Amino acid sequence: MAQKTRKLEEILSLHAEAAKVISYADYFARRPLFSSLQIKNTGEETIEGLTLCVENANGMLLPCEKEVEVPYESVVEVDLGTVLSPLYFSDLEGVTEEKITVTLRKDKKIIDTREWTVKTLPFDYWHGIEGDAELLASFVRPKLGDCARVKTEIEEQLKKWNSPCELGGYIGNDKNAVRRIIAALYAVFRRFSVLKKPCDISAPVEAGAGVKILTNRKASPLEMALFACSCLESLGLHSVIVFGEKEVTCGVWLYDGCFLDTVSDDMQRLDAYIADGINNLSCFDVEDLFSDKNAAYSTSEAHFRQKLQAGYYDRCVDVRRCRMSHIGALPLRAKTVKGYEVLTEADMSHDTLPSELLSMQKLSLDTEMTRDQVWERRLLDLSMKNGLLNFNPTKYGLQIVASSADGMLDALTEQGELHFAAATEDIRALSEKRVYFGANAYAKKRQELIALENQSGILRTYTDERTLGETVNRLIRKNKEAYEESGTKILYLALGFLKWYSREDGGEHYAPLVLQPIQLKKIKGIGYSLALTDEEASVNSTLLEYLKQDFDIDIRGLSDAIQGLKISEILAMVRVEILKMRNWEVVDDVYVAAFSFARYQMWNDLRQNIGNFPKTK
């Protein structure tokens, strides 16, 4: 066994090629961080139980650990999947350098490690001509609000030319009609008198200022070309971006066509396509759009042809072909009181249909209780020692990072189970401040990141690694003891809480609203996992009874009304009912917790089977 005489460090080695520049556009287009990441085994035996860990200290990467097995005398290519953090790039303000570390371990012993330094770019930056040319199509955003404004003015311009036409893509086969639309766009842009600002596309450069060109009346040639393409795409026309070492401009197909490749360097073909008699494409010189120039559209076409033939351009990006390759338009980033927020296409579109308002149901029961109902209620624990009325988050609770309870439940249903992960540095700051309720307002900013982690099977908590293990072990132990003593399982997801105030001491209390039965498992080498059981979610009936008794708030009918409702809809219904209660509030925090249901289980069993008992006189 020759392998026993050789150390693993001599047998195993890491080999990788990492990207030099990374941006939000890379994450959005699902570009890999490593073009190649390999583990080589020169030994004579298969090596099992290896762990590959990829890390960055500043949150640029999602937590990433891979279990790997490498056959003897083989090279294994490792696919990391999506590891870039959208939150990092949405918050980034300037060009930064980040260090990435890849470590290969065997039984916690480091076998090999490698480090790379990558340049990270702010949200609206493109790599430059040395980077990924396809990603230019990501900055063509037809949902920009100013595209609609330009469209209106194009219609007015066409009317002035006595050439009105329907703006909605390629209607018929009239290339002249399409070319007149482009010329009208050119005329509209000229009227805005935009000042030119410098732009060096040989290096990383801002490419997303189309959102403010018409407001600031300043733009670089790259920004102007991308905004023109955005307007063209909003009109249903297929644009192209043409660039060289120092120049960038755009054009449009005069019929419903596209190139065979997303990026082409065949400038001879492009020259043929714009030639008189062929006229498949119309391209103009973006430089002519600025306020210091004065050229008609046909003159600008000629300027483009001159520069093309003089070698100013060497590549062409076909936006429609990029869309067919699933390179979509980037969302927009907006500044809010809570920091930056990334807006989806639906968030940006004025055409988006709003969701239906929730129709409220009658949630009260008959005001007069029967003798059986009075008997049932005597079994409920309505004291402040009951966690169903006065929840203590530090005793038997594990706080979950969830932007919405609905999204987390959907992820659990799709994945089957999720594995707990400790808090990252920024999240841990909240737990150190003891923000036990209302923390999910912060999590909503991380919505995209949380969804990505959930898709990867990760359920993030607000707890450090040591406390996470201790809490989950305690919950598992308490559940086992309850089952051995009474045959009941007591582990639940507490979804949403009512913040209420006691009449006796005016103290602030929190009570869970919806309870979803769950199971927890310890998995060797991975940690702990959470999965749903086959039982359905229920409303905290103890709370509903207490509200009726002490505050005459009767929403006991909610127990029978939740089927088919989302958690968010249930919480909204409770919000309506407590509207008149001063300082009361419904928060959408999520906890894994243990609830002692000894008397509640008796109450619920009695309530469901009351008809089977003999009537007393």
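Each value, and the rule that gives it
Residues numbered from 1 in each chain as written. Predicted model: local features only at pLDDT ≥ 70, side-chain atom pairs only at ≥ 80, totals over all residues. Heavy atoms only, no water. Pairing = 2+ DSSP bridges. Helix = DSSP H or I, 4+ residues; strand = E, 2+ residues; numbered from the N terminus. Salt bridge = Lys/Arg side-chain N within 4 Å of Asp/Glu carboxyl O. Buried < 20%, exposed > 50% of the residue type's maximum accessible area, 1.4 Å probe, protein only. Axes fitted to C-alpha atoms, helices over the stretch in contact; angles between N-to-C directions. Parallel < 35°, antiparallel > 145°, perpendicular 65-115°, else oblique. Left-handed = near helix turned anticlockwise from the far one by under 90°. Contact = heavy atoms within 4.5 Å. Nonpolar A, V, L, I, M, F, W, Y, C, P; charged D, E, K, R; others polar. Core = buried A, V, L, I, M, F, W, Y, C linked by side-chain atoms within 4.5 Å. Phe/Tyr/Trp six-rings, centres within 6.5 Å; stacked < 30°, edge-to-face > 60°. Disulfide = S-S within 2.5 Å.

**Q** Help me understand the sheet that holds strand S7 (residues 96-106) in this model?
**A** Remark on secondary structure: sheet strands pair via backbone hydrogen bonds, oriented parallel or antiparallel. Strand order in the open sheet made by the five strands is S2-S8-S7-S4-S5, with mixed pairing throughout. Single-partner strands in this sheet number two, and they are strand S2 (21-22) and strand S5 (64-70). Of the pairings in the sheet, the one linking strand S4 (residues 47-55) to S7 comprises six bridges and is antiparallel in character. If you follow Val54 over to S7, its bridge partner there is Val102.

**Q** Teacher, can you tell me more about the pattern of salt bridges here?
**A** In a structure, side chains of opposite charge can pair up when their charged atoms sit close to one another. With the rule as written, the count across this model stands at 25 salt bridges. The salt bridge partner of Arg114 is Asp112, with a shortest N-O separation of 2.7 Å.

**Q** Help me understand the environment of Phe89, please; the structure alone is not making it clear to me.
**A** Checked against the element boundaries, Phe89 lands in helix H3 (residues 86-91). With relative accessibility at 0%, the residue Phe89 sits in the buried group. For the pair formed by Phe89 and Leu121, sequence separation is 32 residues and the distance between their alpha carbons is 7.4 Å.

**Q** Please explain the packing of helix H4 (residues 145-160) against helix H5 (residues 175-191) as it appears in this structure.
**A** Two measures define how a pair of helices packs: the angle their axes make with one another and the distance between the axes. With their axes 9 Å apart at the nearest point, H4 and H5 run at an angle of 110° to one another. In terms of their interaxial angle, H4 and H5 are classed as roughly perpendicular. Considering only the axes of H4 and H5, their crossing is right-handed. Counting all contacts with H4, which are made through Val150, Glu153, Ile154, Gln157 and Leu158, the residues of H5 involved are Arg180, Ile181, Ala184, Leu185, Ala187, Val188, Phe189 and Arg191. Residues of the contact of H4 with H5, tallied by class, amount to nine nonpolar, one polar and three charged.

**Q** Hey, could you run me through the pairing of strand S27 (residues 585-594) in this one?
**A** Strand residues, when the strand is regular, have side chains that alternate between the two faces of the sheet. Most of S27 is tucked away: eight of the 10 residues are buried. Pairing analysis gives four bridges linking strand S20 (residues 397-400) to S27, with the strands arranged antiparallel. Residue pairing across strands places Leu398 opposite Val592, the latter belonging to S27. Note that strand S23 (residues 491-501) and S27 share eight bridges and pair antiparallel. Counterpart to Lys499 in the pairing with S27 is Glu585.

**Q** I'm lost on the sheet that holds strand S17 (residues 315-318) in this one. Help?
**A** Spatial ordering of the open sheet is given by S15-S17-S13-S14-S16, a layout of five strands whose pairing is antiparallel. Looking at which strands have only one partner, the edges of the open sheet turn out to be strand S15 (263-264) and strand S16 (281-284). The sheet contact formed by strand S14 (residues 248-253) and S16 spans four bridges and is antiparallel. Across the sheet, Gly251 pairs through a bridge with Cys283, a residue of S16.

**Q** Mind showing me how you'd approach the nonpolar core here?
**A** It is characteristic of soluble globular proteins that their nonpolar side chains tend to be buried jointly. In this structure, Phe34, Leu52, Trp126 and Ile154 are the most contacted members of the largest nonpolar core, which totals 116 residues. Excluding residues that lie within four positions of it along the chain, Phe34 makes contacts with Ala16, Glu17, Ala18, Val54, Leu80, Ile100, Val102 and Trp116. With 51 residues, the next largest nonpolar core counts Leu398, Ala511, Tyr528 and Ile578 among its residues.

**Q** Would you mind showing me how to read unusual backbone geometry here?
**A** If you check the backbone angles, Ser193 has positive phi at about 50° while not being a glycine. Among the structural elements, Ser193 can be located in the loop between H5 and strand S10 (195-196). In this model, Arg217 sits at a positive phi of 55°, which is unusual for a non-glycine residue. Position of Arg217 among the secondary structure elements: in the loop between helix H6 (213-216) and strand S12 (218-219). The class for Arg217 is partly exposed, based on a relative accessible area of 31%.

**Q** Explanation requested: the environment of Ala296 in the structure shown.
**A** Mapping Ala296 onto the fold places it in the loop between S16 and helix H9 (297-309). Along the chain, Ala296 and Tyr186 lie 110 residues apart, while their C-alpha atoms are 8.6 Å from each other.

**Q** So what exactly am I meant to see when it comes to the packing of aromatic side chains here?
**A** Two aromatic rings are characterised by how far apart their centres lie and by the angle between their planes. Counted under the stated rule, the structure contains 29 aromatic pairs. With centroids separated by 5.2 Å and ring planes inclined at 25°, the aromatic side chains of Phe304 and Tyr313 adopt a geometry described as stacked. A relative accessible area of 0% means that Phe304 is categorised as buried. With 4.9 Å between their ring centres and 80° between their planes, Phe551 and Trp584 make a pair best called edge-to-face.

**Q** Can you walk me through the state of the cysteines in this structure?
**A** As used here, a disulfide is simply a covalent bond connecting the sulfur atoms of two cysteines. One pass over the full model with this rule turns up zero disulfides. We note that Cys147 lacks a disulfide partner, and the nearest cysteine sulfur, in Cys231, lies 3.9 Å from it. Cys322 carries a free sulfur, and the closest cysteine sulfur to it, the one in Cys316, is 9.5 Å from it. We classify Cys322 as buried; its relative accessible area is 0%.

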